[in-house]
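# Structure at a glance
Next come the chains, spelled out residue by residue.
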Amino acid sequence: MKRTTLSLIAVATALAAVTGFAALTAPDGTTKAPDIAVQPLPVERSSLLCPAPSTSEVAETAYTSYTPQGKPGTAGASGTSAAAKAELKPAASAATPGGSTAKKPASKAPATVTQPGTPVSAEANGGAAPALTGSATGTLAPGWTVQQTTVVPAGGARGLLGVTCTAPDTDFWFPAASTVKDRQDYVHLTNPDDTAAVADIELYGPEGALPSQLTEGIPVPAHSSVPVLLSTLTGEKPAADVTVHVTTRSGRVGAVIGSADDKLGSDWLPAAADPSSTAVLPGIPADATSVRLVAYVPGEDDADLKIQLVGETGTIVPAGAQSLHVKSGMTAAVDLPDLTRGEVGSLLLTPSDAKKPTPFVAALRVVRGKGEKQEVAFVPATAAISARATVPDNRATGSTLALTAPGATAEVKVTASAGTEGGTPVSKTFTVKAGTTTEVGGFVPTGLKGSYALTVERLSGGPVHAARALVLPQDGIPMFTVQTLSDDRGTVEVPKAKQDLSVLDD
């Protein structure tokens, strides 16, 4: 007789490290978290998806890939195991609904990371650059982040477009989209898996759901990307403010909206945080000339939202826009004139009546400049950083970090990594006072060469939200883009082993 040891706890740990969660099913069919001690362990695999950057022949795109350095023995520790890998691969361009197959992918995979703590960059110019799918394993997986930055100097899509490549999922909300004639909004759906995904797209305007066509059962082939023009999905009167809901019937996708405005330029609209009764939209530039808030309520109850600006010196209620009523199933919007008044800020949305919390989603359309020299960017509601978040592709000049503590005072550590071509990382601890936004500018690594990554770690205190603004003026146009920082999913909580459970095998 031989004795085979099988640790059930080890099995649960392995599954949790791959799937990101562990749960138990109760006799009544509900899912409950197990009432046992847990510990954070580094993830073993991360997946990211980048949309096709542009169709403009004059587009210049930079990819910056980075895994942050971690503590010894934890996620992102020094050194790299032989099994560690972090790379991006071109995705095929599939036929769009009612359209034809688009450009073929290039063969070269950009921005392959070789070790934690050192960002890697690559360029892809012109309109033929494809969408990318990628994965990181081993010590390169925890916190792996990729930034895609595109400059289009001229044409209908001119502007600075920035997006943090997204993890695949099954559910996305996009307030602040549009179907009007002077806007070209495309939903980019990218499938990282070996099997086809099937996606649905729902549109909601100021009067409710927009009757649509070709929006159900959109096939997204394996390792492919499908761009869908929103204005072709409905025959209804064009709407300036639309909320887009993307779900999948099977499989999973990465989803992001590329928006081009004939007058305001172009940028990416990332998905907003999941529906919640409160929301923080961080990093509104100090010199914003126009700010428009768009919100949507997916449930059956209306929402009455209190609007507050969390500035550098405290939290105030903006004059002339103290609240917003959002009807169930309808998209609501309000302009917030003279909002920032010369200082960086963040928007805080809470229930007007604390006894009537209603989940909603929200995003901002932000404009800088005036007349023909305007530029647009989007700021979606974003969740707090629970542990750590990173944004790569920061420049020696033009990068500004906004840190917001809407509740209690918080301590955060900010690290500027080594540059892509050289430099020594530096770190600094910041205290963000309760109800304020702290601006961090000019924080660069010593001897910087190339671009670098900024990593934010919450050390103590209340919740912290963050956003990075990148400003690259060109020909008098204040080109800019804002990326909100999301938790980097570097660790996953798994059960602690109390004893080894074994089975005997004859």
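It should be noted that the structure appears before, not after, this text.
## Some thoughts on the overall build of the protein chain
Secondary structure summary: the protein chain contains 1 helix and 42 strands in total. When contacts within the protein chain are restricted to residue pairs at least 6 apart in sequence, long-range pairs at least 24 apart make up 81% of them. Accessible surface, the protein chain as shown: approximately 21800 Å² in total, 52% of it carbon and sulfur.

## Focus: the packing of aromatic side chains
What the rule picks out here adds up to 4 aromatic pairs. An angle of 35° between the planes, with centres 4.7 Å apart, marks the rings of Tyr 204 and Tyr 296 as tilted. Taken together, the residues span a long stretch of sequence, with Tyr 204 in strand 15 (residues 197–205) and Tyr 296 in strand 23 (residues 288–296) at a distance of 92 residues. Overall, Tyr 204 belongs to the buried group, its relative accessible area being 13%. With a centroid separation of 6.2 Å and an interplanar angle of 85°, the aromatic rings of Phe 430 and Phe 443 are classed as edge-to-face. In this pair, Phe 430 sits in strand 35 (residues 426–432) while Phe 443 sits in the loop between strand 36 (436–441) and strand 37 (446–449), placing the two residues 13 residues apart along the sequence. The exposure class assigned to Phe 430 is buried, which follows from its relative accessible area of 14%.

## Notes on the environment of Leu 229
Note on placement: Leu 229 falls in strand 18 (residues 224–229). Here Leu 229 falls in the buried class, since its relative accessible area comes to 16%. Along the chain, Leu 229 and Val 187 lie 42 residues apart, while their C-alpha atoms are 6.5 Å from each other.

## Remarks on the pattern of salt bridges
Applying the stated criterion across every chain yields a total of 11 salt bridges. A salt bridge links Asp 393 to Arg 395; the shortest N-O distance between them is 2.8 Å. With relative accessibility at 25%, the residue Arg 395 sits in the partly exposed group. Because the salt bridges share partners, they merge into one network encompassing Asp 200, Glu 216 and Arg 249.

## Section: the sheet that holds strand 31 (residues 388–394)
As a general point, the strands of a sheet are linked pairwise by backbone hydrogen bonds and lie either parallel or antiparallel. Here 4 strands make up an open sheet; going across it, the order is 31-38-33-35 and the pairing antiparallel. Looking at the sheet topology across the chains shown, the edges are occupied by strand 31 and strand 35. Mean inter-strand twist for the sheet, computed between neighbouring axes without regard to direction, equals 20°. In this structure, strand 31 lies alongside strand 38 (residues 452–461), joined through 5 bridges in antiparallel fashion. Across the sheet, Ala 389 pairs through a bridge with Val 456, a residue of strand 38.

The rules behind the values
Residues numbered from 1 in each chain as written. Predicted model: local features only at pLDDT ≥ 70, side-chain atom pairs only at ≥ 80, totals over all residues. Heavy atoms only, no water. Helix = DSSP H or I, 4+ residues; strand = E, 2+ residues; numbered from the N terminus. Contact = heavy atoms within 4.5 Å. Areas by Shrake-Rupley, 256 points an atom, 1.4 Å probe, with all protein chains shown as cover. Phe/Tyr/Trp six-rings, centres within 6.5 Å; stacked < 30°, edge-to-face > 60°. Buried < 20%, exposed > 50% of the residue type's maximum accessible area, 1.4 Å probe, protein only. Salt bridge = Lys/Arg side-chain N within 4 Å of Asp/Glu carboxyl O. Pairing = 2+ DSSP bridges. Axes fitted to C-alpha atoms, helices over the stretch in contact; angles between N-to-C directions.

That's the geometry; what it means functionally is another story.
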